[in-house]
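Spelled out, the chains give:
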Amino acid sequence: MSKRVVSVMSLFVILSLLAACAPSPTPQIVEKVVTKEVEKTVIATVEVEKKVVETVEVEKPVEVVVTATPSAEEAEVAYKRNETLYTSGAAWGPPSDWNPFITWSKANTSGTIGLVYETLFLYDPLADKMIPWLAESGTWSDANTYDLKLRQGITWSDGQPLTAADVVFTFELGKYAGIWFNPMWKWLNSATALSDYEVQFKFTNPLYQEWDNNLYNIAIVPKHLWEGRTEEEVTSGANENPIGSGAYLYETHSEDRNVWVRNENWWATKLLNLKPAPKRIVDIRFSSNNVALGAVIKGEVDLSNNFLPGIATLAEKGYVQTYFAGPPYMLSANTAVLFLNTTKKPMDDPAFRKALAFAINTPDIVNVAYANLVKAANPTGLLPSLEKYVDQDVVARLGFSYDPAKAKKILADAGYKDVNGDGFVEAPDGSAIALKVTCPFGWTDWMEAIRIIATSAQAAGINIQDETPDYGAWNTALTTGTFDMTLNNWAGMSNTPWTLYNLLFRHPIVEVMGSGNFGRYDNQQIFDLVDQLAATPSSDEAGMKAICSKIQELMLTEMPVIPLWYNGLWAQYSNLVWTNWPTEAADTPNTLPSTWSGYWQMGGLLTLTTLKPVE
Amino acid sequence: MDLQVRSETLYFAWRNTKLRVGLSVVLFFVALTFIGPLLTDYAPYDYVGPAAQPPSPEYWFGTTIFGQDVFTQFVMGLKATFQVGIIGGGLGTLLGILIGFTAGYRGGLVDEILNIFTNIVLVIPTLAILLIIAAYLEVRGILTESVFIGCTAWPWAARAIRAQTFSLRTREFVDLARLSGMNVWRIIMTEIAPNMMSYLLLVFILQFGGAVLIAATLDFIGLGPTNAVSLGLMMNNAVLWGALLLGMWWWFIPPGLAIMAIVGALYVTNVGLDEVFSPKLREM
Amino acid sequence: MRRYFGRKLLIYVLTFFLAVTIDWLIPRFMPGDPVQTMLSRAALHAEAREVMYGYYVRAFGLDVPLWQQYLNFWNALFHGDLGTSVYLFPQPVVKVIMRAVPYDILLLLPAILLSWFAGNHFGAIAARTRWLDNTLLPVGYILTATPYMWLGILLAWVFGIVLGIFPIAGAYSFELRPHLSGAFLASLLKHWFLPFASIFLVKFGGWAIGMRNMIIYELESDYAHYLEALGTPRKLIRKYAFRNAILPQITGLALDLGVIVAGALVTEVVFSYPGIGYLILQAIQNQDYFLIQGCFLFIIIGVLLANFAIDIAYVIVDPRTRLGMTGEGA
């Protein structure tokens, strides 16, 4: 008997320990920064780069003194269902940092940029419109000068005003080599605060497209809390308890969730009359689709941005709601492109590449592997939101679609024949063709897709096998150019077609191609056109279209990459607690229903302001 | 073992219910492995029918979310299971025999060193090692998987065999052989091994079962073969594609059930054999 | 007894040394480049990538000769530093692991101990009760032959989805934040139950069968028959049999720990239970070598400590070891 008591007691002790170990209710954190002598901000880039090398070695004591004071309002421990929005699908790992400058981990704390830190502009991809946000306006006063006006009355969540000094400070942080927008300083000359609410940017050689993109992606941080930090802390510090200007405040987190609580003093409530409906957002990381699917059906999650196979059936039955009521159910978020390694035979032959494009059974990928959750891509690869840049005439002349007969004919015309009678063609020089199409193991939908690619190519007489190495091996093969052909989708929704072309035709070709042109397609003509597009002002739509048309003509003639389908902006909503979700219908909002990193500032945040609680 | 003992053993084997039941189940699955592929016209990953169909006369075990035939995957997976069991379990037993025999027969320093080595490998969690090995290999097949499982599964077999050899070595008939000038290997082969045959069979059966379970674990967490069909992979796929919530029980029940039945039947066979080999236990 | 512990200690030290060395080898010889993989998640310009690559290679201490890395690794280890996670950059590995450890203790300790006690208890009873033996034996074999994840999937499906009684993921409800209250503890227990049950059941079968067979062996042994012939009460013989049978079960527990760790790993994966098993899988999937290293080391240390505890228990239970007769080997 007593043994039992002991075991129950010890269990209780463990449980209490557990409760104690978990993050305690966050007290209001007052950060007092013991300012050290900071490097002068205006140092030439080269010097800063040298600094990187030095600072790494030195272990610096943390210079931030944190004093905790009990919060005015006792932190809530059990969330009220009708005040809380449960989301999922953004994070793929446990939260690890809240630093808006560490870009690759932001998915896991996707609210860092968008909910806590904000950008100067928002971008609405459905309307193709920049929405002034922290900025009131921005204009090119001449070809090399951009004048930015800030809104007055914006405050950081610690009460300090947000001013031009913060904007200049943030942009100048980009002089650190470890900051993602560092290359901008190659063509940006200076950022100067003309007054508390005016910033002037001077350029040497403005890349307008990229600039617009940066305007809604660079999160502004408060100078008074960041200026004391070392370069290492800025570029790779965890930045716990972030202080921003946004609609939500960091509340707590654990391995499988981020909790954000509404900022009741948010500037946009006063200035723009916007108020996000949920008091609290619990952003959940589900380990598997299975669990996410269950939660959204039961209404335990209000907005799921997971890829959930089988959702089409459930949407038809009315268990969940999606943006479109019928196929493809989802908006298109990015293009799945088949990169061909053009340095290898026979992928160096445009005729072979073109034949392959006709051989791939994209309808099967769309209808079977994805069960209609995605849409076949336009041959140019441009997303539907950028459709106006597609030259329909070029597509009509040079486009491709699934047509095995045509594939066989192109192969035959180019001299590819089945010499040894094994059912697969040999190259014109008689050498055998045996290729592999890859994607990382565990990416289940893509694994199905490459299986279809391989089997349909085989049916057209091209010997391609599908193979799924582990992610690390796949990534190494991708960036060092040792693969044959592989899928990639690293260009998402954007304000400009340049984003996609920057992925497809990134140049110059170097030893490690880390973020584009994996197939090492070398064509100076296209590279020049892409550069030209980057330097075209966004206002010059006709000019952009003309350049895009030329790129498309070359791309579809040469076929160095094969755009296949659009991955969806996966989003399924439950109407049990929150309603008025975005759909294609006219009487509902038309903002993006997404919590993914980078999508808050493309409409995700606005979606929160139009939600309505169920009575 | 003379003829009479052998026929007596067979007699008791036939009378032992555990052995009969266990062996029948195992043989049933072995037969299914060979006959199964003849009963299906499909390839395991081909899209052959409507998606997510429950079992029907046409698709005996139903179809996956893509309309692949679950029965086809199942019988192909059975084959992989037996492959892993035989190769992995066989290799584990073989290594166990080699190390156990050597240690037990030689004794002394060799024994000491091998014993320490065995104990070290025993303590290190096998799965952790396998995970790391698996992660080293970019592309994996059933064969490599089996070999690695075999290479990490031997320690307890070695330990058990060492103990057996140890006790046999000191028996009179071995001493007699040694005095008569037989060389070591002949003694092992003619005197010790035959006396341990039954014991080795039991060890092999347990190793077989262990290898199958470990392989299922590896496959399930996505570190199994990257280019094959297996029962563990079926479960992995079923879970990844939401079979639980979509109620597609026919996708995840058969593979686990088959593993459970095969391994369970082997264990029961093992006990049955044990009773047959050691007369003392027969009464129960 | 000194010799017994001396040998054990030697084995533990050697095991630890070997394990740490294997552990250190992991990130150095794996395919793929962890830093490259990390950077590939951020769309960087070529120049920025190069600078940052150098930066992180230094930050992870990968820029010095291998022998020096090896020494540094030992040095850092003794300072309790396991490096920085790549997947959860910039979190230190130790911190990440320490967050997972309480859940492992919560899940594994009760599952291992309760299944061992209950299994041995039932096994011993079954060995002398015909009807119980006939029912327990098949059930025990079925349980012990069940793959952990399959039992987990079944339990999740039946109790979590079909009946909807238990949650199937996480360690506590998404509507709560950790605090000391009945509601929170109830939520914790509710999430703990299914993963616990699936480990418990599989292990229970194994122990029960082992005990049952062992007792029958003992009861059929010469000394039991001898005692019986002398007219010793059956109850007393059974007591002796139980005493002798429990020893191999203790050794079995020590040997089985590694297997249980594996079982816990897949169970945690099935139920998304935030322990080390779940963490190690994520680390592997994300090529986070430093985190794999740390988790592996933690498992080794855990298993070694548990083994040590069992060794002590063994000495207490088995008088022979106390007298200096080494109990192992036979």
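The shown structure was predicted, so the numbers you read here are calculated from the model rather than taken from an experiment.

The rules behind each value
The written sequence of each chain sets the order in which its residues are numbered from 1. Written order decides the labels, with chains lettered from A and ligands numbered from 1. Confidence filtering applies because this is a predicted model: local features only for residues at pLDDT of at least 70, side-chain atom pairs given and counted only at 80 or more, and all residues used for totals across whole chains, interfaces and linings. Put simply, DSSP H or I for four residues or longer makes a helix, DSSP E for two residues or longer makes a strand, and each gets a number counted from the N terminus. Put simply, a residue is buried when 20 or more other C-beta atoms lie within 10 Å of its own C-beta and exposed when 12 or fewer do; between those, it is partly exposed, and each C-beta is set from the backbone. Two residues qualify as being in contact provided that their C-beta atoms, derived from the backbone, are within 7 Å of each other. A set of buried residues qualifies as a nonpolar core if it consists of Ala, Val, Leu, Ile, Met, Phe, Trp, Tyr and Cys joined through C-beta atoms within 7 Å. What marks off one domain from the next here is an automatic or database domain assignment. Each pair of strands is called paired provided DSSP finds at least two bridges between the two strands. Orientation is described by axes fitted as lines to C-alpha atoms, over the contacting stretch for helices, and by angles from 0 to 180 degrees between their N-to-C directions. A score from 0 to 100, pLDDT tells how confident the predictor is in each residue. Throughout, the term roughly parallel applies to angles under 35 degrees, roughly antiparallel to angles over 145, roughly perpendicular to angles from 65 to 115, and oblique to all others. Left-handed is the label given to a crossing in which the near helix is rotated counterclockwise from the far helix by less than a right angle, and right-handed is the label when the rotation is clockwise. Gly is put with the polar residues, along with every residue not named as nonpolar or charged; the nonpolar set is Ala, Val, Leu, Ile, Met, Phe, Trp, Tyr, Cys and Pro, and the charged set is Asp, Glu, Lys and Arg. Each residue after the first adds 1.5 Å to the expected span of a helix. Crossover handedness is defined here as right-handed if the route from the first strand over the helix to the second strand goes clockwise, with the strands pointing away from the viewer.

Asker: When you look at the overall build of chain C in this model, what are you seeing that I'm missing?
Answerer: Along the backbone of chain C there are 13 helices and zero strands. Moving toward the C terminus, one meets the helices and strands of chain C in the order α-α-α-α-α-α-α-α-α-α-α-α-α. Residues classed as buried in chain C amount to 48% of the 330 residues present.

Asker: Would you take a moment to explain the overall build of chain B for this structure?
Answerer: Along chain B, the regular secondary structure elements total eleven helices and zero strands. Counting helices and strands in the order they occur from the N terminus, chain B gives α-α-α-α-α-α-α-α-α-α-α. On the principal axes, the C-alpha backbone points of chain B span a range of 75 × 45 × 30 Å. Taking all 284 residues of chain B together, 52% fall into the buried category. Partitioning the intrachain contacts of chain B with sequence separation of at least 6 by distance along the chain shows that 71% fall at a separation of at least 24.

Asker: I'm lost on the nonpolar core in this one. Help?
Answerer: It is characteristic of soluble globular proteins that their nonpolar side chains tend to be buried jointly. Formed by 354 residues in total, the largest nonpolar core has its most connected members in Val212(B), Met235(B), Ile153(C), Ile280(C) and Cys295(C). Residue contributions to this core peak at 17 residues, all from helix 8 (residues 182-219) of chain C. Domain assignment of the residues forming this core places at least three in each of domain 1 (2-78) and domain 2 (94-314) of chain C. Apart from the residues within four sequence positions on either side, Ile280(C) is in contact with Leu131(B), Leu265(C), Ile292(C) and Cys295(C).

Asker: Just checking my understanding: could you explain the sheet that holds strand 16 (residues 332-340) of chain A for this structure?
Answerer: Strand pairs in the sheet, formed through backbone hydrogen bonds, run parallel or antiparallel to each other. All names here are of chain A. In space, the six strands of this open sheet follow the order 17-21-16-20-18-19, with mixed pairing throughout. Of all strands in the sheet, those with a lone pairing partner are strand 17 (375-376) and strand 19 (464-467), marking the two edges. Across two bridges, strand 17 lies against strand 21 (residues 561-568) in antiparallel orientation. In the strand pairing of strand 21, Ala 376 is matched with Trp 565. Against the sheet, helix 14 (residues 444-459) engages strand 18 (435-438), strand 19 and strand 20 (485-488), with an angle of about 170° to strand 19.

Asker: Explain the sheet that holds strand 13 (residues 257-262) of chain A here, please?
Answerer: Residues and elements named next belong to chain A. The strand order across the open sheet formed by six strands is 12-13-14-3-15-22, and the pairing between neighbours is mixed. Bordering the open sheet on either side are strand 12 (248-254) and strand 22 (572-573), each of which pairs with just one other strand. Bridging between strand 15 (residues 303-304) and strand 22 involves two bridges; their strand directions are antiparallel. Note that in strand 22 the partner of Leu 303 across the bridge is Tyr 573.

Asker: What's the story with the interface of chain C and chain B in this structure? I'm lost.
Answerer: By a widespread convention, an interface's size corresponds to the accessible area lost as its parts come together. On the side of chain B, 38 residues touch chain C, which itself brings 39 residues to the contact. Secondary-structure elements contributing two or more residues to the side of chain C that touches chain B are helix 1 (2-29), helix 6 (130-144), helix 7 (148-162), helix 10 (234-271), helix 11 (276-285) and helix 12 (289-317) of chain C.

Asker: Sorry, what's going on with the pairing of strand 20 of chain A here?
Answerer: A regular strand carries its side chains on alternate faces of the sheet. All names here are of chain A. Side chains Met 485 and Leu 487 of strand 20 all project onto a buried face; the interleaved residues Thr 486 and Asn 488 project onto the opposite face, where all are buried too. Pairing analysis gives four bridges linking strand 16 to strand 20, with the strands arranged antiparallel. Residue Val 337 lies in a different strand from strand 20, and its bridge partner there is Asn 488.

Asker: I would appreciate a short explanation of the confidence of the model for chain B in the present structure.
Answerer: Low pLDDT marks stretches whose predicted atomic positions should not be read closely. Summarising the model, chain B shows a mean pLDDT of 82, and 94% of its residues fall at 70 or more. Of all helices and strands in chain B, the one with the weakest mean pLDDT is helix 1 (residues 3-15) of chain B (69), whereas helix 3 (residues 70-106) of chain B scores best (90).

Asker: I tried to follow the environment of Leu314(A) on my own but got confused; where do I start?
Answerer: Residues and elements named next belong to chain A. Here Leu 314 shows up in helix 9 (residues 311-316). For the pair Leu 314 and Asp 142, spaced 172 residues apart in sequence, the C-alpha to C-alpha distance is 54 Å. Apart from the residues lying within four places of it in its own chain, the contact partners of Leu 314 are Ile 297, Tyr 319 and Val 320.

Asker: Just checking my understanding: could you explain the packing of helix 7 (residues 155-169) of chain B against helix 9 (residues 184-220) of chain B for this structure?
Answerer: Helix packing for two helices is described by the angle between their axes and how far apart those axes are. Residue and element names in this part refer to chain B. Running from N to C, helix 7 and helix 9 cross one another at 160°; their axes reach a closest spacing of 11 Å. Between helix 7 and helix 9, the crossing angle belongs to the class labelled roughly antiparallel. The way helix 7 lies across helix 9 gives a crossing that is right-handed. On the side of helix 7, the interface is formed by Ala 157, Ala 160, Ile 161, Gln 164, Thr 165 and Leu 168, while helix 9 contributes Ile 192, Asn 195, Met 196, Tyr 199, Val 203 and Gln 207.

Asker: When you look at helix 11 of chain C in this model, what are you seeing that I'm missing?
Answerer: Side chains of residues three or four places apart in an α-helix project in the same direction, reflecting 3.6 residues per turn. Residue and element names in this part refer to chain C. Counted residue by residue, helix 11 has ten buried out of ten residues, so it is predominantly covered. Inspection of helix 11 places Ile 276, Gly 277, Tyr 278, Leu 279, Ile 280, Leu 281, Gln 282, Ala 283, Ile 284 and Gln 285 among the buried residues, and these make up the whole buried set. Positive phi appears at Gln 287, one or two residues downstream of helix 11, with a value of about 55°.

Asker: What is the right way to read the packing of helix 3 of chain B against helix 7 of chain B from this model?
Answerer: Residues and elements named next belong to chain B. Running from N to C, helix 3 and helix 7 cross one another at 40°; their axes reach a closest spacing of 7 Å. For the element pair helix 3 / helix 7, the angle class is oblique. As helix 3 runs across helix 7, the sense of the crossing is right-handed. In contact with Gly 92, Thr 93, Gly 96, Ile 97, Ile 99, Gly 100, Phe 101, Ala 103, Gly 104 and Tyr 105 of helix 3, helix 7 contributes Ala 157, Ala 158, Arg 159, Ile 161, Arg 162, Thr 165, Phe 166 and Arg 169. Considering only residue class, the contact of helix 3 with helix 7 consists of nine nonpolar, six polar and three charged.

Asker: Honestly, the domain arrangement of chain C in this entry has me stumped. Any pointers?
Answerer: All names here are of chain C. According to the domain assignment, chain C contains domain 1 (2-78) and domain 2 (94-314). Of note, the centres of domain 1 and domain 2, computed from C-alpha atoms alone, are 32 Å apart. At the junction of the two partners, domain 1 supplies 13 residues and domain 2 supplies eleven residues. Those elements giving two or more residues to the side of domain 1 that touches domain 2 turn out to be helix 1 and helix 2 (34-40).

Asker: Sorry, what's going on with the confidence of the model for chain C here?
Answerer: Residues and elements named next belong to chain C. Confidence in the prediction for chain C averages 81 pLDDT; 90% of positions are at 70 or higher. Per-residue pLDDT, averaged within each element of chain C, yields its smallest value for helix 13 (residues 319-322) (61) and its largest for helix 7 (90). A low-confidence stretch, residues 324-330 (pLDDT under 50), is modelled with ten contacts involving residues beyond four sequence positions or located in other chains. For this predicted complex, the interface confidence comes out at an ipTM of 0.85, alongside a pTM of 0.81.

Asker: Explain helix 7 of chain C to me, please; I cannot follow it from the model alone.
Answerer: Residue and element names in this part refer to chain C. Taking 1.5 Å per residue, 15 residues should reach 21 Å; helix 7 reaches 20 Å between its end C-alpha atoms and fits that length. Turning to helix 7, its buried residues are Tyr 148, Met 149, Trp 150, Leu 151, Gly 152, Ile 153, Leu 155, Ala 156, Trp 157 and Gly 160. Just downstream of helix 7, Gly 164 is the residue with a positive phi angle, here 65°.

Asker: Can you help me understand unusual backbone geometry in this one?
Answerer: All names here are of chain A. Going from Pro 327 to Pro 328, the amide bond is cis rather than trans, its omega being 5°. Tracing the chain through its elements places Pro 328 in the loop between helix 9 and strand 16. Put simply, His 507 and Pro 508 share a cis peptide bond, and its omega is 0°. Despite not being glycine, Asn 239 shows a phi value in the positive range, around 50°. Its place among the elements puts Asn 239 in the loop between helix 6 (231-236) and strand 12. One non-glycine residue, Asn 241, lies in the positive phi region at around 55°. Within the fold, Asn 241 resides in the loop between helix 6 and strand 12. Judged by local crowding, Asn 241 falls into the partly exposed class, with 14 C-beta atoms found within 10 Å.

Asker: I tried to follow the environment of Ala491(A) on my own but got confused; where do I start?
Answerer: Residues and elements named next belong to chain A. With respect to the helices and strands, Ala 491 occurs in the loop between strand 20 and helix 16 (498-504). Exposure remark for Ala 491: the 23 C-beta atoms within 10 Å place this residue in the buried category. Remark: the alpha-carbon pair of Ala 491 and Ser 515, spanning 24 residues in sequence, is separated by 9.8 Å. Here Ala 491 is in contact with Asn 334, Thr 335, Thr 499, Leu 500 and Leu 503, once residues within four sequence places are set aside.

Asker: What should I look at first to understand the pairing of strand 18 of chain A in this one?
Answerer: All names here are of chain A. Bridge count between strand 18 and strand 19: four bridges; the pairing is parallel. Within the sheet, the bridge partner assigned to Lys 436 lies in strand 19 and is Gln 465. In this fold, the crossover linking strand 18 to strand 19 by way of helix 14 has right-handed handedness. For strand 18 and strand 20, the ladder comprises two bridges, and the chain directions are parallel.

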